[in-house]
Amino acid sequence: MITMQQFILRQPAAPEETSTDRYYLDLANRLVEIASEKKLFTSYPEKVVERAAMALVGYYQDVICDAGIWRSFITEHKRLYGKILPFYDVDENAYQHTELNREDVRFMVWYALSMTYEELRVCNPLDEEILKGADEWWSELERVYDDSPMPEDYRLTHELEIHAEEDREAVMRLGNWLFLHCYLMTPAFALTLSEMAWKFDLSKEDGLREFQNALNKAMGEEPTGPLALYTGEWLYLIIEGKMPPEKKRKEEIEEHKYFKAFTKATGGEVLKFFDSYDSLNRFFIDGLGWAEGEEHLPMMKEAKDFVVMVDREKGMLVARNIAKCIAAPMNPYYDKDYASAHAIELLTERGCCPGDLLRYICKEGWLPDAVFPGSDDHKLVADNHDFIARCYLQLYYRD
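Every chain is numbered on its own, with residues counted from 1 as its sequence reads. Restriction of local features to residues with pLDDT of at least 70 applies here, the model being predicted, together with a cutoff of 80 or more for giving and counting side-chain atom pairs; totals for whole chains, interfaces and linings are based on all residues. Derived side-chain values reflect all non-hydrogen atoms in the structure, with water molecules and hydrogen atoms excluded from consideration.

As for the overall build of the protein
Stated precisely, the cut-off is as follows: Helix and strand definitions follow DSSP, with helices as H or I runs of at least four residues and strands as E runs of at least two, each counted in order from the N terminus. For a compact globule the rule gives 2.2 Å times the number of residues to the power 0.38, and the radius of gyration it is set against comes from C-alpha atoms. Here, two residues are considered to be in contact whenever any of their heavy atoms come within 4.5 Å of each other.
Of regular secondary structure, the protein possesses 18 helices and three strands. On C-alpha atoms alone, the protein measures out to a radius of gyration of 23 Å, which is about the 21 Å that the 2.2 N^0.38 rule sets for 399 residues. The principal-axis extent of the C-alpha atoms belonging to the protein is close to 75 × 50 × 50 Å. A separation threshold of at least 6 residues defines the contact pool for the protein, and within that pool the share at least 24 residues apart is 65%.

Take a look at the structure:
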């Protein structure tokens, strides 16, 4: 059972309890009870189901009072991809932008479960278990929709101006809550938070202080939420209804020293593939003119299936253990069977494929075999590859 303390931590007024918190806590626990009674989400531990229920109730509170958080997500998703939601077919004429929608619930359930349960992290959003459970929860929310009270303090975004001096404290408070406790952000940040926590001894005061400092730093430097937006971007979207102005590009950076040598050695190609460290090292020596007789990038000696990419301004990057997944015409090591089992990892495992390389190969259509486990729906992944990468990879993709 979800406790009031657990529930309040996710509320905008935390640590204070408001007059409507009890109603929405009871609603979240009722969703958990429905899941138990109807044997929904049986692949997930109860604690994960509870977190998903709290996230969904957060969405529900947002929609009831039009707090603007959910609206900002679908607005930016539509701008980026030309459709309201990833994965799910939405009739835009029937979609209620400020009310409860079945497709929203399906997305929130998939998002909350997959982002917070490592064992089933890469889960098909069209999986029958997800759809059946989400639809049952949607039916319960639909049943009580007209009788649910206006959530107290959830309208914290209303009538704010992002640059108004008198609103500065309220905007900062909103930013802190969004990053640390908001229903839409916490699932995507869960893995990052877990990785941060492992670095410190939280049983000691110094460890707690260092963790808090790292968390404060992350709020300014790490993206979060399903679109991997930075806190300032989320604030602009919620308060202003649009993304912040783009920074003007600095004067063009001069051509990187590796670019000319690399493209000369490859006949103009910006990618090159290697099956072994020895062949990679030989290219560095013969193709790029690096020192003869040395083992360059020795930390990669135990790896294989390399992809090397060069960019005119940024220089060169090297990725390992992924060449078999990339269906580039100049890649002799592409293995369709291997790619069918592993290509999704490039979109979902942090550090597996550098963001610049991932964007390039997806733009070229060279990741055709990526599918969610247990699915053969290549189109689902191809149509949503950028969203999937943002959601799963976060800073590893946006940086």
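Focus: unusual backbone geometry
Among all residues except glycine, the phi angle is most often negative; among peptide bonds, the trans geometry is most common. In the segment running from A14 into P15, the intervening peptide bond is cis, with an omega of 10°. Relative to the helices and strands, P15 is located in the loop between α1 (4-8) and α2 (21-37). Unusually for a residue other than glycine, N321 sits at a positive phi of about 65°. Inspection of the secondary structure assignment puts N321 in the loop between β3 (315-319) and α13 (336-342).

Comments concerning the nonpolar core
Going by this rule: Put simply, a nonpolar core is a bunch of buried Ala, Val, Leu, Ile, Met, Phe, Trp, Tyr and Cys residues held in one set by side-chain atoms that sit within 4.5 Å of each other. Relative accessibility under 20% of the residue-type maximum defines a buried residue, over 50% an exposed one, and the middle range a partly exposed one, all with a 1.4 Å probe and only protein chains included.
With 130 residues, the main nonpolar core has W70, W110, W137, L184 and L358 as its most contacted residues. With 13 residues, helix α3 (residues 46-65) is the single largest residue contributor to this core. Excluding anything up to four places from it in sequence, W137 contacts L31, I34, A35, F41, V49, A52, A53, L56 and V109. Judged by nonpolar contacts, the second largest core, of seven residues, contains F179, F189, M196 and A218.

So, the pattern of salt bridges
Inclusion rule: We define a salt bridge as a side-chain nitrogen of Lys or Arg found within 4 Å of a carboxyl oxygen belonging to Asp or Glu.
Throughout the structure, instances matching the rule amount to 24 salt bridges. For the salt bridge of E50 with K47, the shortest nitrogen-to-oxygen distance reads 3.6 Å. Here K47 and E50 lie together in helix α3, a separation of three residues that amounts to about one turn. We classify E50 as buried; its relative accessible area is 2%. On the accessibility criterion, K47 (46% relative accessible area) is partly exposed.

Thoughts on the pairing of β3
Going by this rule: Strands are labelled as partners when DSSP assigns at least two bridges between them.
Within β3, four of the five residues are buried, which leaves it mostly tucked inside the rest of the structure. Where strand β2 (residues 306-311) folds back onto β3 in an antiparallel hairpin, the turn is made up of three residues.

Some thoughts on the side chain of E140
Relative to the elements of secondary structure, E140 occurs in helix α6 (residues 128-144). For E140, a relative accessible area of 9% corresponds to the buried category. When near neighbours in sequence (up to four residues on either side) are disregarded, E140 contacts L27, R30, L31 and I34.

A short note on helix α17 (residues 385-393)
Taking burial as the measure, the nine residues of α17 include eight buried ones, the bulk of the element. Listing the buried residues of α17 in full gives D386, F387, I388, A389, R390, C391, Y392 and L393. Two residues or fewer after α17 comes Q394, characterised by a positive phi angle close to 55°.

Considering the environment of F200
Considering the arrangement of structural elements, one finds F200 in the loop between α8 (186-197) and α9 (205-221). Taking C-alpha positions, F200 is 44 Å from G287, a pair spaced 87 residues apart along the chain.

Things to note about a negative patch on the surface
The following threshold applies: Residues enter patches when they are more than 30% accessible in relative terms and free of salt bridges; like-charged ones are connected within 9 Å and nonpolar ones (Val, Leu, Ile, Met, Phe, Trp, Tyr) within 5 Å. The accessible surface values rely on the Shrake-Rupley method and a 1.4 Å probe; as for residues, cover is taken only from the protein chains in view. For this count, His and the chain ends are skipped, Lys and Arg are scored as positive, and Asp and Glu as negative. Every charge is mapped onto a representative atom, which is NZ of Lys, CZ of Arg, CG of Asp or CD of Glu.
On the surface, a cluster of negative charge is contributed by E99, E142, D146 and D147. Relative to the helices and strands, E99 resides in the loop between α4 (69-81) and α5 (102-116). On the basis of relative accessible area, E99 is assigned to the partly exposed category, the value being 36%.

Some points on the sheet that holds β2
In plain terms, the rule: Convention adopted: a line fitted to C-alpha atoms gives each axis, helices being fitted over their contacting stretch, and angles between N-to-C directions are expressed from 0 to 180 degrees.
Pairing in this open sheet of three strands is antiparallel, and the strands run β1-β2-β3 from one edge to the other. Two strands lie at the open edges of the sheet, namely β1 (271-274) and β3, each paired on one side alone. Averaged over neighbouring strand pairs, the angle between their axes works out to 15° when direction is ignored. Bridging between β1 and β2 involves four bridges; their strand directions are antiparallel. When the bridges of β2 are listed, F274 appears paired with F306. Sheet strands in contact with helix α11 (residues 257-266) are β1, β2 and β3, and its direction is about 125° off that of β2. In the packing of helix α15 (residues 355-363) onto the sheet, contacts are made with β1, β2 and β3, and the angle to β2 comes to roughly 90°.

Concerning the packing of α2 against α6
Pairs of packed helices are described in terms of their axes, by the angle between the two and the distance that separates them. We apply this condition: Handedness of each helix crossing follows the sense of rotation of the near helix against the far helix: counterclockwise by less than a right angle gives left-handed, clockwise gives right-handed. Side-chain classes follow a simple rule in which Ala, Val, Leu, Ile, Met, Phe, Trp, Tyr, Cys and Pro form the nonpolar group, Asp, Glu, Lys and Arg form the charged group, and the remainder, Gly included, forms the polar group.
Between α2 and α6, whose axes approach to 10 Å, the crossing angle comes to 145°. Crossing angle aside, the handedness with which α2 passes α6 is right-handed. In this structure, α2 contributes Y23, L27, R30, L31, I34 and A35 to the contact, and α6 contributes W137, E140, L141, R143 and V144. Residue composition of the contact of α2 with α6, by class: eight nonpolar, no polar and three charged.

As for the packing of aromatic side chains
Counted only if it meets this: Put simply, two rings from Phe, Tyr or Trp (the six-membered ring, in Trp's case) pair if the centres are within 6.5 Å, and we call them stacked under 30 degrees between planes, edge-to-face over 60, tilted for the rest. Counting as a charge over the ring demands two things of the Lys NZ or Arg CZ atom: a distance within 6 Å of the ring centre and an angle within 35 degrees of the ring normal.
Applying the stated rule across the entire model yields 26 aromatic pairs. A ring pair is formed by W70 and F107, whose centres lie 6.1 Å apart and whose planes are at 55°; its orientation type is tilted. Here F107 lies in helix α5 and W70 lies in helix α4, a separation of 37 residues in the sequence. Across the pair, F107 and W70 agree in class, each one buried. Lying across the ring of Y338, K324 places its NZ or CZ 5.1 Å from the centre. Between R359 and the ring centre of Y397, over which it is positioned, the NZ or CZ distance is 5.0 Å.

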